[in-house]
Amino acid sequence: MTYPRRVPVKLTDSREKLIVALDVESGEIARDIVADLLGVVSTFKIGLQLFSAAGGSFVSELAATGARVFLDLKFHDIPNTVSKAGIEAARLGVWMFNVHASGGSEMMKQTVNDVGEFCLKSNLALPRIIGVTVLTSSNADTLREVGIGGGVEEYVARLARLTTESGLHGVVASSNEIGVIRSVVDDPDFLIVTPGIRPLSATNDDQKRVMTPGAAIAKGSNYLVIGRPIIAAPEPRIEAMRILEQMNASSQEASSLQ
Ligand code: C5P
């Protein structure tokens, strides 16, 4: 069974590229943030914390408002379990979800095929399916601790190659690795989603491999995931607008150089 692997990507302005991580403890708090950001932000990430607190019903509720939802549960299990979880994510109406690329090609291929078949059969839009490479809170020491030598770049390159060979739409990685990923994946439509974004004024929190919003755009990130710098700001809406301005300025600079 084959289905269109690539979802046509339409990235018109910076708003399309900003994903706000709703890392909060309840649906009520998340709803307030979404309402505050209405008209400024159109894509939200629901991760382990909010999913554990508010569940799938919150995911489908948010998706039903027309917002794009990135379900960031980083599935890592046997192929059957991950592909079935992917089908449930698609049923909830998510726009994007992810799996750990280190779960291997059999798991990734089965997920992409089974979710693709399900979406075709059910007349649902195919979510973008993304492989997590190395978490932005990890560095070479973290990898060495779990028995992976050779450094972050080498491992990210290996996982990015495996991800594209398995038919996924892209990867989650640090902006620092965009260059190495583009050098090993010869496909301009391959998506790179980058967390670990920090405006110059913000602290790094637990992130170790960070970059500013403007620099991540200039490097060629397709989607920037930003959590605490926006949701923990005194005025999240103002902060989101400030970040969008930085992203826009960087996009315009990049296009004027072409
Ligand atoms: O608050 P902050 O901007 O650091 O949030 C980053 C978000 O991106 C978190 O929700 C985190 O789970 C997620 N993430 C990450 N690194 C990855 C994949 C996802 O930080 N490699």
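Being a predicted model, the structure only gives us computed values, none of them experimental.

**A closer look at helix H4 (residues 79-91)**
The terminal C-alpha atoms of H4 lie 18 Å apart, and with 13 residues this matches the ideal 18 Å at 1.5 Å per residue to within 8%. Of all the residues in H4, the buried ones are Pro79, Val82, Ser83, Gly86, Ile87, Ala89 and Ala90. For H4, the arc enclosing every buried residue in end-on projection is 160 degrees, short of the 170-degree limit, so these residues lie on one face. Buried residues in H4 make contact with strand E3 (68-75), strand E4 (96-100) and helix H5 (105-122).

**A word on the pairing of E4**
Burial analysis of E4 places five of its five residues in the buried class, the great majority of the element. Residue alternation in E4 divides its side chains into two sets, Met96, Asn98 and His100 and Phe97 and Val99, and both sets are buried. Examined bridge by bridge, E3 and E4 share three bridges and lie parallel to one another. Within E4, the position partnered with leucine 71 by the bridge is phenylalanine 97.

**Quick notes on the environment of leucine 162**
Among the structural elements, leucine 162 can be located in helix H7 (residues 152-165). Along the chain, leucine 162 and serine 102 lie 60 residues apart, while their C-alpha atoms are 8.8 Å from each other. Sequence-distant contacts of leucine 162, that is, excluding residues within four places in its chain, are made with Ala101, Gly104, Ser105 and Met108.

**Focus on the nonpolar core**
Counting 67 residues, the largest nonpolar core has Phe44, Leu62, Phe97 and Ile181 as the members making the most contacts within it. Core analysis: the second largest hydrophobic core is formed by 12 residues, Ala21, Trp95, Met96 and Tyr223 among them.

**Some remarks on the site of the ligand**
In the vicinity of the ligand lie 17 residues, with Asp23, Lys45, Thr136, Arg198 and Arg228 positioned nearest. Between aspartate 23 and the ligand, the recorded distance is 2.6 Å, taken from a side-chain N or O atom to an oxygen atom. Here an oxygen atom of the ligand and a backbone polar atom of glycine 227 are 2.8 Å apart. Taken by itself the ligand offers 460 Å² of open surface, and the protein chains cover 89% of this. Among the elements of the structure, E3, strand E8 (223-226) and helix H10 (228-231) are those that each provide at least two residues to the shell around the ligand.

**With respect to the sheet that holds strand E2 (residues 43-46)**
The sheet built from eight strands closes into a barrel, its strands ordered E1-E2-E3-E4-E5-E6-E7-E8 with parallel pairing. On average, adjacent strands in this sheet sit at an angle of 25 degrees to one another, irrespective of strand direction. Across three bridges, the pairing between strand E6 (residues 170-172) and strand E7 (residues 191-194) is parallel. Bridge pairing links valine 172 to valine 193 in E7. Where H4 meets the sheet, its contacts fall on E3 and E4, and the angle it forms with E3 comes to roughly 165 degrees.

**So, the side chain of arginine 68**
With respect to the helices and strands, arginine 68 occurs in strand E3. Reaching out from arginine 68, the side chain makes a polar contact with the backbone oxygen of glutamate 16 at a distance of 2.7 Å. Ignoring anything within four residues of it in the chain, the contact list for arginine 68 reads Glu16, Ser42, Thr43, Phe44, Trp95 and Tyr223.

Procedures and definitions
Residues numbered from 1 in each chain as written. Predicted model: local features only at pLDDT ≥ 70, side-chain atom pairs only at ≥ 80, totals over all residues. Heavy atoms only, no water. Helix = DSSP H or I, 4+ residues; strand = E, 2+ residues; numbered from the N terminus. Expected span 1.5 Å × (residues − 1). Buried < 20%, exposed > 50% of the residue type's maximum accessible area, 1.4 Å probe, protein only. Arc of directions from axis to C-beta. Contact = heavy atoms within 4.5 Å. Pairing = 2+ DSSP bridges. Core = buried A, V, L, I, M, F, W, Y, C linked by side-chain atoms within 4.5 Å. Near = heavy atom within 4 Å. Polar contact = N/O pair within 3.5 Å; in protein donor to acceptor, adjacent residues only side chain to side chain. Areas by Shrake-Rupley, 256 points an atom, 1.4 Å probe, with all protein chains shown as cover. Axes fitted to C-alpha atoms, helices over the stretch in contact; angles between N-to-C directions.

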